[in-house]
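Listed below are the residues making up each chain.
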Amino acid sequence: MPPLTVLILGGTTEGRALAAALRTYRVISSLAGRTREPLLPAGEVRIGGFGGVDGLADYLRAERVDILVDATHPFAERISANAAAATAATGVPLLVLRRPGWTERPGDDWRRVPSLEAAAALLPHLGRRVFLTTGRQGLAAFAGTGECWFLARSVEPPAPPLPPHLEVLLDRGPFTVDGELRLLRDHRIDVLVSKDSGGADAKLTAARRQGIPVVLIDRPPRPPAATMVNSVESCISMISQIGGT
Ligand code: NAP
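Here the structure is a predicted model, which means the values were calculated and not measured.

What counts, and where the lines are drawn
- Residues numbered from 1 in each chain as written.
- Predicted model: local features only at pLDDT ≥ 70, side-chain atom pairs only at ≥ 80, totals over all residues.
- Heavy atoms only, no water.
- Pairing = 2+ DSSP bridges.
- Helix = DSSP H or I, 4+ residues; strand = E, 2+ residues; numbered from the N terminus.
- Axes fitted to C-alpha atoms, helices over the stretch in contact; angles between N-to-C directions.
- Contact = heavy atoms within 4.5 Å.
- Core = buried A, V, L, I, M, F, W, Y, C linked by side-chain atoms within 4.5 Å.
- Buried < 20%, exposed > 50% of the residue type's maximum accessible area, 1.4 Å probe, protein only.
- Domains from an automatic or database assignment.
- Buried area = accessible area lost by both parts, 1.4 Å probe.
- Salt bridge = Lys/Arg side-chain N within 4 Å of Asp/Glu carboxyl O.
- Nonpolar A, V, L, I, M, F, W, Y, C, P; charged D, E, K, R; others polar.
- Patch = residues over 30% accessible without salt bridge, like charges linked within 9 Å, V, L, I, M, F, W, Y side chains within 5 Å.
- Areas by Shrake-Rupley, 256 points an atom, 1.4 Å probe, with all protein chains shown as cover.

(A) Molecular detail of the sheet that holds strand β10 (residues 191-195). Strand order in the open sheet formed by six strands is β6-β11-β10-β7-β8-β9, with parallel pairing between adjacent strands. Edge strands, defined here as strands with exactly one partner in the open sheet, are β6 (110-113) and β9 (166-170). The average angle at which neighbouring strand axes cross in this sheet is 20°, direction not considered. Strand direction decides the pairing type here: strand β7 (residues 129-132) and β10, joined by three bridges, are parallel. What sits directly across from Phe131, in β10, is Leu192. The strands touched by helix α5 (residues 177-186) within the sheet are β7, β8 (149-154) and β9, with β8 carrying the most contacts at an inclination of about 155°. Each of β6, β8, β10 and β11 (214-217) touches helix α6 (residues 202-210); the most contacted strand, β10, lies at about 155° to it.

Here it is, written out as structure tokens:
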């Protein structure tokens, strides 16, 4: 019997960890191609969009994919919606691997908002020197916030429209609490903006220690009717169940 084929929609730490762990399967990881030097997962890798729902459905059939794992970032809404629609059309089982969101701890001062735009509207009431960690594609939402100065961290340089008072820090995690504390102090940051991505939380720990408020952008709704798992380990055991191994 040939090994089962698992397609992982990745671009995340979890996607890479899953690809490395599934040694007895044929694993194909798919990346969007947003970064010029992506961290490559183990196994086969394909890069670039599929061409919408139909393109993804065609790919599932052509590669005889047995299981699709959507391990994309919790804020990558479109590809997750496409994965739900393409698996519904082809009958391929879909597993959605999402790391849990963050929960507030004593000493935190968080304001949850539904969108980047809501974060931009709230900012001038909270502080003037902002550490923005929402990724380069979200910077446009802050382009009209001229009252604030921004330090924006991203892997790739951002493109306009951008906030008028902006310094860009090109960097990729993992980050340490000490490093984040130094950054907050050196730039006299008085408010942090982040998506509720979950996972490593050095910046949130640093903000708590510095007594800095955090504007946290809520996750978009999950795709309906998908089997959700919140760890690589549970994903592996669901894959074994589906594959009967
Ligand atoms: P998105 O808005 O949900 O997707 C836009 C389009 O990009 C999709 O329709 C699809 O094109 C293509 N695409 C996205 N992820 C893909 C993948 N893994 N493999 C192949 N094509 C993919 O996605 P996004 O928010 O721009 O994120 C892009 C990638 O970056 C995702 O893989 C995600 O895991 C990663 N990422 C995103 C964030 C974030 O904050 N959004 C943060 C960290 C990492 P077609 O319709 O042509 O197939």
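Okay, back to it.
(B) How the structure looks around the nonpolar core. If you look at the biggest cluster of nonpolar residues, it comprises 18 residues, and the most contacted ones within it are Leu123, Phe142, Val193 and Val215. Breaking this core down by element, the ones donating at least two residues are α4 (116-122), β7, β8, β10 and β11. The greatest single-element share of this core, amounting to three residues, is contributed by α4. When residues no more than four places from it in sequence are discounted, the contact partners of Leu123 are Val130, Phe142, Cys148, Phe150, Val191, Val193 and Val215.

(C) Looking closely at the domain arrangement of the chain. You can read the domains of the chain as domain 1 (5-100 + 220-243) and domain 2 (110-217). Of note, the centres of domain 1 and domain 2, computed from C-alpha atoms alone, are 29 Å apart. Domain 1 puts eleven residues into the contact, and the matching count from domain 2 is twelve residues. Carbon and sulfur atoms make up 47% of the surface buried where domain 1 meets domain 2, a total of about 870 Å² over both sides. It is Arg34, Arg36 and Phe75 that lose the most area in domain 1 upon contact with domain 2, and together they represent 48% of the buried surface on that side. At the junction of domain 1 with domain 2, the criterion picks out one salt bridge. Taking the shortest distance from any N to any O, the salt bridge between Glu156 and Arg36 comes out at 2.8 Å. The class makeup of the residues in the side of domain 1 that touches domain 2 is five nonpolar, two polar and four charged.

(D) Structural context of helix α2 (residues 52-62). Taken together, the buried positions of α2 are occupied by Gly55, Leu56, Ala57, Tyr59 and Leu60. Those residues of α2 hidden inside the fold are in contact with β1 (5-9), β2 (26-31), β3 (44-47), β4 (67-70) and α3 (77-90). Of the residues trailing α2, Arg64 is marked for its positive phi of about 50°.

(E) Inspection of the side chain of Glu180 at higher detail. Considering the arrangement of structural elements, one finds Glu180 in helix α5. Not counting chain neighbours up to four residues away, the residues in contact with Glu180 comprise Arg153, Phe175, Ala202, Lys203 and Ala206.

(F) Inspection of the sheet that holds strand β5 (residues 94-97) at higher detail. Pairing is parallel in the open sheet, where six strands are placed in the order β3-β2-β1-β4-β5-β12. Both edges of this open sheet fall to β3 and β12 (227-229), since each of them pairs with a single strand only. Pairwise comparison of adjacent strand axes, ignoring direction, gives a mean angle of 25° for this sheet. Direction of pairing for β2 relative to β3: parallel, over a ladder of four bridges. Paired with Leu31 across the two strands is Ile47, which belongs to β3. In the packing of helix α1 (residues 13-21) onto the sheet, contacts are made with β1, β2, β4 and β5, and the angle to β1 comes to roughly 160°.

(G) View of the pattern of salt bridges. One pass over the structure, following the stated rule, counts twelve salt bridges. A salt bridge links Arg26 to Glu63; the nearest nitrogen and oxygen atoms lie 2.6 Å apart. Here Glu63 lies in the loop between α2 and β4 and Arg26 lies in strand β2, a separation of 37 residues in the sequence. Here Glu63 falls in the partly exposed class, since its relative accessible area comes to 25%. Between Asp196 and Arg112 there is a salt bridge, with its nearest N and O atoms 3.2 Å apart. Residue Asp196 is located in the loop between β10 and α6, and its partner Arg112 is located in strand β6; the two are separated by 84 residues in the primary sequence. The class for Asp196 is buried, based on a relative accessible area of 5%.

(H) How the structure looks around a nonpolar patch on the surface. Nonpolar side chains collect at one region of the surface, where Leu40, Val45 and Ile47 lie side by side and expose about 270 Å² of accessible area between them. Tracing the chain through its elements places Leu40 in the loop between β2 and β3. By relative accessible area, Leu40 is classed as exposed at 56%.

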